[in-house]
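# Per-entry structural report
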Amino acid sequence: MYYIDFDNTLYETGKLTKDVIFGLAQKISEQTNLDIHQVLEDIKSSFNSSTDNFFTLAKKLSLKYNIDYSLLNSILIEIILVNGKNYVFDDTINFLKKIRSSNEKSAILTFVANSQNLSQQSLKLTGSGIQEYVDEVYVTTRYKYKLEIDYKNNIFIDDNPQDLEGLYNSGARRLFRIKRPNNEKRNSKTLNIPETIPTFTSLNSIIIQKKDDVSKEICQI
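Residues numbered from 1 in each chain as written. Predicted model: local features only at pLDDT ≥ 70, side-chain atom pairs only at ≥ 80, totals over all residues. Heavy atoms only, no water.

## Structural notes on the overall build of the chain
- Assigned secondary structure in the chain consists of 9 helices and 6 strands.
- Each principal axis of the C-alpha atoms in the chain carries an extent, and together these give about 65 × 35 × 30 Å.
- The buried share of the chain, reckoned over its 221 residues, is 48%.
- Considering only residue pairs separated by 6 or more positions, the chain has 66% of its internal contacts joining residues 24 or more positions apart.
- Counting only carbon and sulfur atoms, one obtains 46% of the accessible surface of the chain, whose full area is about 11,500 Å². (Helix = DSSP H or I, 4+ residues; strand = E, 2+ residues; numbered from the N terminus. Buried < 20%, exposed > 50% of the residue type's maximum accessible area, 1.4 Å probe, protein only. Contact = heavy atoms within 4.5 Å. Areas by Shrake-Rupley, 256 points an atom, 1.4 Å probe, with all protein chains shown as cover.)

So this is what it looks like as structure tokens:
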């Protein structure tokens, strides 16, 4: 089984965040006649992705600027759900198809910081259209390396150094790190795991191996 991270691996979450913030700022500016640049700076300074999601942010902004929350909610739905496929990386679908054509299974394994973000993550997944190309989807509030998974005999693809280190320490040996060129947050961090763990900037560079070949390689590690 290929366990593949969602945010910033299959899906360009950074671009989504920028578009959401701009969309909210534009609507607020239209409704209040405030300068859009002023509103943008206010949203950027007040948004904490560790504690807020886009919908809780929109509720706070509706109260602060005294505008109807439904107007901001409709912006979020349009960006995340209606136009969600715009944030799927160009190499994602072909990569998932290659896994399936090799008679392998794939699963999205995605972490959210708290339970209030589960519904937003579900919307992102639905809007992306990716689910039809994978066999399973796991959205968890537990760290990926603390789940009941056969780490040793499966393959993991992720962009998050913390997750990759945890997966390795939990027994995973078939690990691939994705470092998308525009993902400054992830690219600035190093891994405390063997340098032999391959790193790629594109999913196209990852060679899909048959299960028997992977099992032989694991036994040699």
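## A closer look at the pattern of salt bridges
- Per the stated rule, a full pass over the model turns up 9 salt bridges.
- Note that D5 and K144 form a salt bridge whose closest N and O atoms lie 2.7 Å from each other. Here D5 is found in the loop between β1 (2-4) and α1 (13-32), whereas its partner K144 is found in the loop between β3 (136-140) and β4 (155-158), with 139 residues between them in sequence. Each member of the pair D5 and K144 is classed as buried.
- One salt bridge in this structure joins R100 and D135, with 3.8 Å as the shortest N-O distance. With R100 in helix α5 (residues 92-101) and D135 in the loop between α6 (118-128) and β3, the pair connects residues that are 35 residues apart, well separated along the chain.
- Judged by relative accessible area, D135 falls into the partly exposed class, the value being 39%.
- Members of the salt-bridge network, linked through shared partners, are D5, K144, D158 and D163. (Salt bridge = Lys/Arg side-chain N within 4 Å of Asp/Glu carboxyl O.)

## Topic: the confidence of the model for the chain
- For the chain, the average pLDDT comes to 90, and 92% of its residues sit at 70 or higher.
- Counted against residues more than four places away or in other chains, residues 214-221, with its pLDDT under 50, gives 9 contacts. (pLDDT = per-residue confidence, 0-100.)

## Observations concerning the pairing of β4
- Every second residue of β4 is oriented toward a common face, with I155 and I157 on one face and F156 and D158 on the other, all of them buried.
- Sheet topology places β4 next to strand β5 (residues 174-178); 4 bridges connect them, and they run parallel. Directly across from D158, in β5, lies its bridge partner R177.
- Viewed along the sheet, the connection from β4 through helix α7 (residues 161-169) into β5 turns out right-handed. (Pairing = 2+ DSSP bridges. Right-handed = clockwise from strand over helix to strand, strands pointing away.)

## Considerations on α5
- What α5 keeps buried is the set T92, F95, L96 and I99. Mapping the buried residues of α5 onto a view down its axis gives an arc of 95°, with all of them on the same face.
- Contact partners of the buried residues in α5: β1, β2 (106-111) and β4. (Arc of directions from axis to C-beta.)

## Notes on helix α3 (residues 54-65)
- Given a rise of 1.5 Å per residue, 12 residues ought to cover 16 Å, and the 16 Å separating the end C-alpha atoms of α3 matches this to within 8%.
- Listed in full, the buried residues belonging to α3 are F54, F55, T56, L57, A58, L61, S62 and Y65.
- A distance of 2.8 Å separates the backbone nitrogen of F55 from a side-chain oxygen at the start of α3, and that oxygen is part of N53.
- Among the residues trailing α3, N66 stands out with phi positive, at a value near 55°. (Expected span 1.5 Å × (residues − 1). Polar contact = N/O pair within 3.5 Å; in protein donor to acceptor, adjacent residues only side chain to side chain.)

## Let's talk about the nonpolar core
- Counting 44 residues, the largest nonpolar core has L24, I43 and I157 as the members making the most contacts within it.
- Listing elements by their share of this core, those giving two or more residues are β1, α1, α2 (36-46), α3, α4 (69-82), α5, β4 and β5.
- I157 has contacts with Y2, Y3, I4, D5, T9, F95, F176, I178, L203 and I206, leaving out every residue within four places of it along the chain.
- Of all hydrophobic cores here, the second largest spans 16 residues; its members include Y3, L147, L175 and I193. (Core = buried A, V, L, I, M, F, W, Y, C linked by side-chain atoms within 4.5 Å.)

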